Amino acid sequence: MAAAKYLQSEDQFLCSICLDVFTDPVTTPCGHNFCKNCITEHWNTNDQYLCPLCMERFTRRPDLKVNTFISEMVSQFRQSAQQKASSSSSEQQVSKPGEVPCDVCTGTKLKALKSCLVCLVSYCETHLEPHLTMSGLKRHQLIDPVENLEGRMCTEHDKPLELFCKTDQTCVCMLCTVLDHKTHDVVPLEEEYEGKKAELGKTEAEIQQMIQKRRLKIQEIKHSVDLSEEDADREIAEGVQVFTSLMESVERGLNELINTIKEKQKTTEKQAEAFITELEQEISELMKRSTEVEQMLRSEDHLHLLQSFQSLNIQQPPPTKDWTGVSVRPSSYEGTVVKAVAQLEETLSKEMKKLLEAELKRVQQYAVDVTLDPDTANPWLILSDDGKQVNLGDVRKNLPDNPERFSKCVNVLGKQSFSSGRFYFEVQVKGKTRWTLGVARESIDRKGNITLSPHNGYWTIWLRNGNEYKALDDTSVLLSLKSPPQKVGVFVDYEEGLVSFYDVDAAALIYSFTGCSFTEKLFPFFCPFTVCSFIKKVHLFLSDDDDYDDDAGGKNSAPLIISPVRVN
């Protein structure tokens, strides 16, 4: 029977019993072909004489003769198959691009199997035979085929480079270790190879980690852009809902609102695109370095890796930026719709009310827990045990004059500081005729008389004489309020440079400081401010902006109370 198997496309030459190429093919009376041996053994082991293919039954065992036509066809097929196999075998031995060719072959270069470090020659299977059979050549050092064999020899001593000098960080031969590198730290190539490969593995892991961090940062930035876009879409929809219900007179205000929001979103997207472009550039550089490291990691060639390691300068990865603190945050739109609608206050009072309620609910989502800091409180102030209330007493406490404490002005700061993001808190001012609220930067002067203004580090509003409200901007702004607020909400967007004050119960905006530039920590600021005859006798200093009025009747004795935020 035949020993070789072939593809199904040549199955016309296969016996259906042994599934090999026909040997002595015979034909049954029903016209099917089998190997003579196969059909004979098949009938010898069965009681009936049946064709294995069509199952036709023969009453007598057929007398089978070799089919000379099929036998000739099989013979031709075998010859063709042998020629193809021989041709394929020859092609596999020919040196291909990237493979080391035999240095001895003339004409067509065959693939080298070994390189000799003594002869400095690479040999194919045929030309390698003397090194495997002749006693003199058997002592030569053979290695897997490599190019540039001369580079593996010491140029000074003409000996193989098989050691590594850790002192000079170079490959050396045996003679080098007893001459130029006699007192140096020398190790076998294999040992240094393993060390450098481990170092490369660590470097590769670090590079992959850097790539992953940057990919995560890209995702974070894209997510921030999506959030910003959602905020922009929501704000646009809100503005459209308001302005489309009005007459043509408000159309210009709607367009200005949309353009402002879109411009902020465009700025956010441009910032994100710039970050993403920079991150992708860093990833490209890191992936390029990763490819170089991976190629070295796959190398089994000790010398090549060590020599390439020096030129790669792996200890210094590509210059990259520290992205830890980099982020793209959605733009703040608080106050955008409010300012646009405020221009049409008389005709848009209902819409304004709805918008302010929605806006207050949004800023209330940034509520923080604020408590008063006793280390900053003026000695005349009385703080509740829970740090939520403050009023002015009639006895000056004997407290250490630490740097944080207000020594002349009856002020106190919150314990909590904020140097990024958004935060909001509410203060009850019910029953008071004088108070000051807001935020202050960390570096404010706490020892002298104080002029409240953004220039001096204060963003505040105050009440005087029971009905006089002012925003203490660099130029004070007299505020006209429809009703006195009983609870004031303070909202800060650090990056946006925004400080807004709200009448919580009326859901009305009192005043906003815009375009602020914050570079320090911000602290909540409180001043309950009470003046009585006793205090005036001891010449209590309040601030350069304050007027003394006699409030001895105790009208302003109620405390400022930091209230829990409840979203309606």
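Residues numbered from 1 in each chain as written. Predicted model: local features only at pLDDT ≥ 70, side-chain atom pairs only at ≥ 80, totals over all residues. Heavy atoms only, no water.

> Let's hear about the overall build of the protein chain: which residues, and what values?
Summing up its helical and strand segments, the protein chain has 11 helices and 23 strands in all. A burial count over the protein chain gives 43% of its 568 residues as buried. In the form shown here, the protein chain has an accessible surface area of approximately 31400 Å², with 49% of it arising from carbon and sulfur atoms. (Helix = DSSP H or I, 4+ residues; strand = E, 2+ residues; numbered from the N terminus. Buried < 20%, exposed > 50% of the residue type's maximum accessible area, 1.4 Å probe, protein only. Areas by Shrake-Rupley, 256 points an atom, 1.4 Å probe, with all protein chains shown as cover.)

> Can you lay out the sheet that holds strand E22 (residues 522–527) for me, pointing to particular residues and giving the numbers?
What the 6 strands build is an open sheet, ordered E13-E22-E15-E16-E17-E18; its pairing is antiparallel. With one partner strand each, in any of the chains shown, strand E13 (412–413) and strand E18 (477–479) form the two edges of the open sheet. With 3 bridges joining them, strand E17 (residues 468–471) and E18 adopt antiparallel strand pairing. Looking at E18, one finds that Tyr 469 is bridged to Leu 479. (Pairing = 2+ DSSP bridges.)

> So what's going on with the nonpolar core? Residues and values would help.
Grouped together as the largest cluster of nonpolar side chains are 52 residues, with contacts concentrated most on Trp 435, Val 488 and Phe 526. The residues contacting Trp 435, other than those within four sequence positions of it, are Val 429, Ile 461, Trp 462, Leu 463, Arg 464, Tyr 469, Val 488, Cys 527, Pro 528 and Leu 560. Residues Phe 164, Val 187, Leu 200 and Ala 272 belong to the second largest nonpolar core, which totals 34 residues. (Core = buried A, V, L, I, M, F, W, Y, C linked by side-chain atoms within 4.5 Å. Contact = heavy atoms within 4.5 Å.)

> Outline the packing of aromatic side chains, supporting the account with residue identities and numerical values.
Aromatic ring pairs: the centre-centre distance and the angle between the two ring planes describe each pair. Scanning all chains against the criterion turns up 13 aromatic pairs. Ring geometry for Trp 43 against Phe 58: centres 6.3 Å apart, planes inclined by 75°, an arrangement best described as edge-to-face. A residue pair is termed long-range when its members are at least 10 positions apart, and Trp 43 in helix H1 (residues 36–44) and Phe 58 in strand E4 (residues 57–58) qualify at 15 residues. On the basis of relative accessible area, Trp 43 is assigned to the buried category, the value being 2%. Measuring from ring centre to ring centre gives 5.3 Å for Tyr 458 and Phe 525, while their planes differ by 75°; the resulting arrangement is edge-to-face. With Tyr 458 in strand E16 (residues 458–464) and Phe 525 in strand E22, this pair connects stretches of sequence that are 67 residues apart. Pairwise contacts between aromatic rings join Trp 43, Tyr 49 and Phe 58 into one cluster. (Phe/Tyr/Trp six-rings, centres within 6.5 Å; stacked < 30°, edge-to-face > 60°.)

> Describe the confidence of the model for the protein chain, with residues and values.
On average, residues of the protein chain score 83 in pLDDT, and 88% of them reach the 70 mark or higher. Taken together, the stretch residues 1–9 has pLDDT below 50 and engages in 13 contacts with residues farther than four places along the chain or on a different chain. Long-range and interchain partners of residues 530–553, a stretch whose pLDDT sits below 50, account for 50 contacts in this model, where long-range means more than four residues apart. (pLDDT = per-residue confidence, 0-100.)

> Tell me what's going on with the sheet that holds strand E14 (residues 422–428), and back it up with residues and numbers.
The strand order E11-E12-E23-E14-E19-E20-E21 describes an open sheet built from 7 strands, whose pairing is antiparallel. Strands with a single pairing partner mark the edges of an open sheet, and in this sheet they are strand E11 (381–383) and strand E21 (508–513). For this sheet the average axis-to-axis angle between neighbouring strands, irrespective of direction, equals 20°. Pairing of strand E12 (residues 389–392) with strand E23 (residues 560–563), which is carried by 2 bridges, proceeds in the antiparallel orientation. Across the sheet, Val 390 pairs through a bridge with Leu 560, a residue of E23. Of the strands in this sheet, E14, strand E19 (487–493), strand E20 (498–503) and E21 are in contact with helix H10 (residues 349–364), which crosses E14 at around 110°. (Axes fitted to C-alpha atoms, helices over the stretch in contact; angles between N-to-C directions.)

> An account of the pairing of E22 is needed here, citing residue identities and associated values.
Taken across its 6 residues, E22 has 6 buried, putting it largely inside the fold. As judged from the 2 bridges shared by E13 and E22, these two strands associate in the antiparallel manner. Within E22, the residue paired with Val 412 across the bridge is Phe 526. Where strand E15 (residues 435–441) meets E22, 6 bridges bridge the pair, whose relative direction is antiparallel. Its bridge partner being in E22, Gly 438 is matched across the sheet by Phe 525.

> I'd love a proper account of the side chain of Ser 290, names of residues and values included.
Positionally, Ser 290 belongs in helix H7 (residues 251–298). Exposure remark for Ser 290: the relative accessible area of 4% places this residue in the buried category. At 3.2 Å, the side chain of Ser 290 and the side chain of Glu 204 are in polar contact. In this view, Ser 290 contacts Glu 204, Ile 207 and Gln 208; residues no more than four positions away in its chain are not counted. (Polar contact = N/O pair within 3.5 Å; in protein donor to acceptor, adjacent residues only side chain to side chain.)

> Lay out a nonpolar patch on the surface with the relevant residues and their values.
On the surface, Leu 175, Val 178 and Leu 179 cluster together into a nonpolar patch covering about 260 Å² of accessible area. Given the relative accessible area of 36%, Leu 175 is considered partly exposed. (Patch = residues over 30% accessible without salt bridge, like charges linked within 9 Å, V, L, I, M, F, W, Y side chains within 5 Å. Salt bridge = Lys/Arg side-chain N within 4 Å of Asp/Glu carboxyl O.)

> Please give an account of a negative patch on the surface that cites residues and values.
On the surface, Asp 226, Glu 229, Glu 230, Asp 233, Glu 269 and Glu 273 cluster together to form a negatively charged patch. Looking at the negative patch, the elements with two or more residues in it are helix H6 (189–243) and H7. Tallying contributions element by element places H6 first for the negative patch, with 4 residues. Tracing the backbone shows Glu 230 in helix H6. (Lys, Arg positive; Asp, Glu negative; His and termini not counted. Charge placed at Lys NZ, Arg CZ, Asp CG, Glu CD.)

> Hey, could you go over the packing of H6 against H7 for me, with residue numbers and the actual values?
Interaxial distance between H6 and H7 falls to 9 Å at its minimum, and their mutual angle equals 170°. On the basis of the axis angle, H6 is roughly antiparallel to H7. Handedness of the crossing formed by H6 with H7: left-handed. (Parallel < 35°, antiparallel > 145°, perpendicular 65-115°, else oblique. Left-handed = near helix turned anticlockwise from the far one by under 90°.)

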